[in-house]
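Letter by letter, the chains look like this.
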Amino acid sequence: MKISLVIPCYNEQESIPLFYQALEQVKPQLRGYELEYYFVNDGSKDNTLNELRQLNKQHPDSVHYISFSRNFGKEAALYAGLQAATGDYVAVMDVDLQDPPEQLPEMLAGIEDEGYDVVGTRRVDRTGEPVIRSFFSNMFYKLINRISNTQFISGVRDYRLMTRQVVDSILEMSEYNRFSKGLFSWVGFNVKYLEYQNRDRVAGETSWSFWGLLKYSIEGIVNFSEAPLAFASWLGGASAFASVVSIIFIVVRKIIYGGSVSGWASLISVILLIGGIQLLCLGIVGRYIGNIYLEVKKRPVYIIKEKK
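One structure accompanies this document, and this report is about it. (Residues numbered from 1 in each chain as written. Predicted model: local features only at pLDDT ≥ 70, side-chain atom pairs only at ≥ 80, totals over all residues. Heavy atoms only, no water.)

## Overview of the overall build of the protein chain
So, point 1. Each helix and strand in the protein chain was counted, giving 10 helices and eight strands.
So, point 2. Across the 308 residues that make up the protein chain, the buried fraction comes to 43%.
So, point 3. By sequence separation, contacts in the protein chain at least 24 residues apart represent 84% of the contacts at least 6 residues apart. (Helix = DSSP H or I, 4+ residues; strand = E, 2+ residues; numbered from the N terminus. Buried < 20%, exposed > 50% of the residue type's maximum accessible area, 1.4 Å probe, protein only. Contact = heavy atoms within 4.5 Å.)

## Points about the sheet that holds strand β4 (residues 89-92)
Strand-to-strand pairing in sheets goes through backbone hydrogen bonds, with the strands running parallel or antiparallel.
So, point 1. A sheet is described by the order of its strands in space; here eight strands give the open sequence β7-β5-β6-β4-β1-β2-β3-β8, paired in mixed fashion. Lying at the two open borders of the sheet, with one neighbouring strand each, are β7 (191-196) and β8 (304-307). Each strand axis lies, on average, 20 degrees off the axis of its neighbour in the sheet, ignoring direction.
So, point 2. By the bridge criterion, four bridges tie strand β5 (residues 118-123) to strand β6 (residues 156-163) in an arrangement that is antiparallel. Its bridge partner lying in β6, R122 is registered against V156.
So, point 3. Packed on one face of the sheet, helix α1 (residues 15-26) meets β1 (2-9), β2 (34-41) and β3 (63-68) and runs near 165 degrees to β2.
So, point 4. Contacts from helix α2 (residues 48-58) reach β1, β2, β3 and β8 within the one sheet, and its direction differs from that of β3 by about 155 degrees. (Pairing = 2+ DSSP bridges. Axes fitted to C-alpha atoms, helices over the stretch in contact; angles between N-to-C directions.)

## What about a nonpolar patch on the surface?
So, point 1. Among the surface-exposed residues, I248, V252, I255 and I256 lie close enough to one another that they form a single nonpolar patch of about 420 Å² accessible area.
So, point 2. Mapping I255 onto the fold places it in helix α9 (residues 227-257). (Patch = residues over 30% accessible without salt bridge, like charges linked within 9 Å, V, L, I, M, F, W, Y side chains within 5 Å. Areas by Shrake-Rupley, 256 points an atom, 1.4 Å probe, with all protein chains shown as cover. Salt bridge = Lys/Arg side-chain N within 4 Å of Asp/Glu carboxyl O.)

## Regarding helix α4 (residues 104-112)
So, point 1. Extensive coverage of α4 is indicated by the burial of seven of its nine residues.
So, point 2. Inspection of α4 places L104, P105, M107, L108, A109, G110 and I111 among the buried residues, and these make up the whole buried set.
So, point 3. Packed against the buried residues of α4 are β1, α1, β4, β5, β6 and β7.

As structure tokens, then:
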């Protein structure tokens, strides 16, 4: 009986040895289950790959790694790891130890003793995180829960332990544009969340910038909601209605009072407003079309350069 750990890595040379040591200390509490490590090197530019090679050389039976040909992103790394994992249960973890390894036995108990299919984790605070990032993160969860049929719980991490049935269900969704937080929620099953206080990284620096997270959140909204398309339609309809009302007003004013409407500045402002609304709507529609374009090309989600 094995528990497979899927661990995406991007420039994590310092964290990898610390992560492995921390998980090995937890191993005796896992009811006799063996740990199977699947590190996924997502095009790192430091010595991450060399660290993984060395770890695999020392523990060839339990430590495996997949190395991409370039950086494909965390979503691709998660997908590759889930495809490679062979354990009876599969856990997704970050290598920086912000996901508490000591919760793994409790997660296992939640599945085996309480009958859950998934036991995940949820941060109850964001101590140490920039205020503006916390604010926009909270706004994202409030927004997407209003416009999506899929439930997104604030503070939930990718760190979770899943049964083989859940993993197989996730792998059935082979879409190119992936948003794992939504996919984990969309498949359903019985889920329990364990709460914990926010933790700092044990080493290195995060690769997530504010703009990277913003782009990621937009991807989530596009993948799990059609509300932006509806917004574009309503905005276009409101603009057209306002234009018709304005035309009627101008014609009636001309008939009653005569003369021409003065002021080219106001005319230009209206033209710019309508043009801006059109471009906004085209941009929203274009985002969805862009995702369709990427899907129909059927490109691989990732390319493996080296695997052990």
